[in-house]
Amino acid sequence: MSAEVVLSVDHVVKTFRVHQQRANSLKQLIAARGRNVFDEFLAVDDVTFDVHEGEVFGVIGQNGSGKSTLLKCMAGILRPNKGSVRVHRRMGVLLELGAGFHPDLTGRENVFLNAAILGMGRKEISQRFDAIVDFSGLHKFIDQPVKTYSSGMYVRLALAVAINVDPQL
């Protein structure tokens, strides 16, 4: 009996519009008769795979080959133009640490916000809050806005949240 499929990526295609010349004013838009001239950039081209329970799976490739774009599709941050992604477990994604942080919110508020974005419930966040702060070492600064943090403090807090998510995938 084979292990259960926990992640299924089926013929995923992701494209982006690369505008040749964007209208910067109403006058330019009217002169162009509302047309925005753009090219389609193919970032992910017909990718298909399944990941089974207990399996280790990696995506490797050169810079610009679409790895992060594929991961964003898998995490639900981006929607594929074609194909589908089905995730059957809570998934943790480390793309850009602190990407969900709001600079005007305190460290404490950002822990709750970012952990919720990563799939944790409020009760679970409350239970792990002390461990997150302990790992970050930011006890004295946790109630200050993160815009006052150094870049190192910011990343430490983001990493502390990310490693406490306890993803299933």
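Predicted, not measured: the structure shown is a model, and the values here were computed from it.

Peer 1: Help me understand the packing of aromatic side chains in this model?
Peer 2: Within a pair of aromatic rings, the relevant descriptors are the distance that separates the centres and the angle that separates the planes. Here the structure, examined in full by the defined rule, presents three aromatic pairs. A centroid spacing of 5.1 Å and a plane angle of 75° characterise the contact between Phe-101 and Tyr-154, whose relative ring orientation is edge-to-face. With Phe-101 in the loop between strand S3 (82–87) and helix H3 (107–117) and Tyr-154 in helix H5 (residues 151–163), the pair connects residues that are 53 residues apart, well separated along the chain. Residue Phe-101 is classed as buried on the basis of its relative accessible area of 8%. Pairing Phe-112 with Phe-129 gives two aromatic rings, centres 5.8 Å apart and planes at 25°, and the pair type is stacked. Of the two residues, Phe-112 is situated in helix H3 and Phe-129 in helix H4 (residues 122–136); the sequence distance between them amounts to 17 residues. Across the pair, exposure class does not vary: Phe-112 and Phe-129 are buried alike. A cation over an aromatic ring shows up here: Lys-14 above the ring of Phe-16, its NZ or CZ 5.2 Å from the ring centre.

Peer 1: Explanation requested: the pattern of salt bridges in the structure shown.
Peer 2: When the charged atoms of two side chains lie near each other, side chains of opposite charge can form a pair. Applying the stated rule across the entire model yields four salt bridges. The partner of Lys-147 in a salt bridge is Asp-104, with the nearest N and O atoms 3.0 Å apart. Placement of the pair is Lys-147 in the loop between H4 and H5 and Asp-104 in the loop between S3 and H3, with a sequence separation of 43 residues. Residue classification places Lys-147 among the exposed positions, given a relative accessible area of 54%.

Peer 1: In this structure, what is going on with the nonpolar core? I would like to understand it.
Peer 2: If you look at soluble globular proteins, the nonpolar side chains tend to sit buried side by side. Counting residues in hydrophobic clusters, the biggest one holds 20 residues, and the most contacted among them are Val-111, Ile-142, Tyr-149 and Leu-157. The contact partners of Leu-157, leaving out residues within four places of it in the chain, are Phe-101, Gly-107, Val-111, Ile-132, Ser-136, Leu-138, Ile-142, Val-146 and Tyr-149.

The rules we used
Residues numbered from 1 in each chain as written. Predicted model: local features only at pLDDT ≥ 70, side-chain atom pairs only at ≥ 80, totals over all residues. Heavy atoms only, no water. Phe/Tyr/Trp six-rings, centres within 6.5 Å; stacked < 30°, edge-to-face > 60°. Helix = DSSP H or I, 4+ residues; strand = E, 2+ residues; numbered from the N terminus. Buried < 20%, exposed > 50% of the residue type's maximum accessible area, 1.4 Å probe, protein only. Lys NZ or Arg CZ within 6 Å of the ring centre and 35° of its normal. Salt bridge = Lys/Arg side-chain N within 4 Å of Asp/Glu carboxyl O. Core = buried A, V, L, I, M, F, W, Y, C linked by side-chain atoms within 4.5 Å. Contact = heavy atoms within 4.5 Å.

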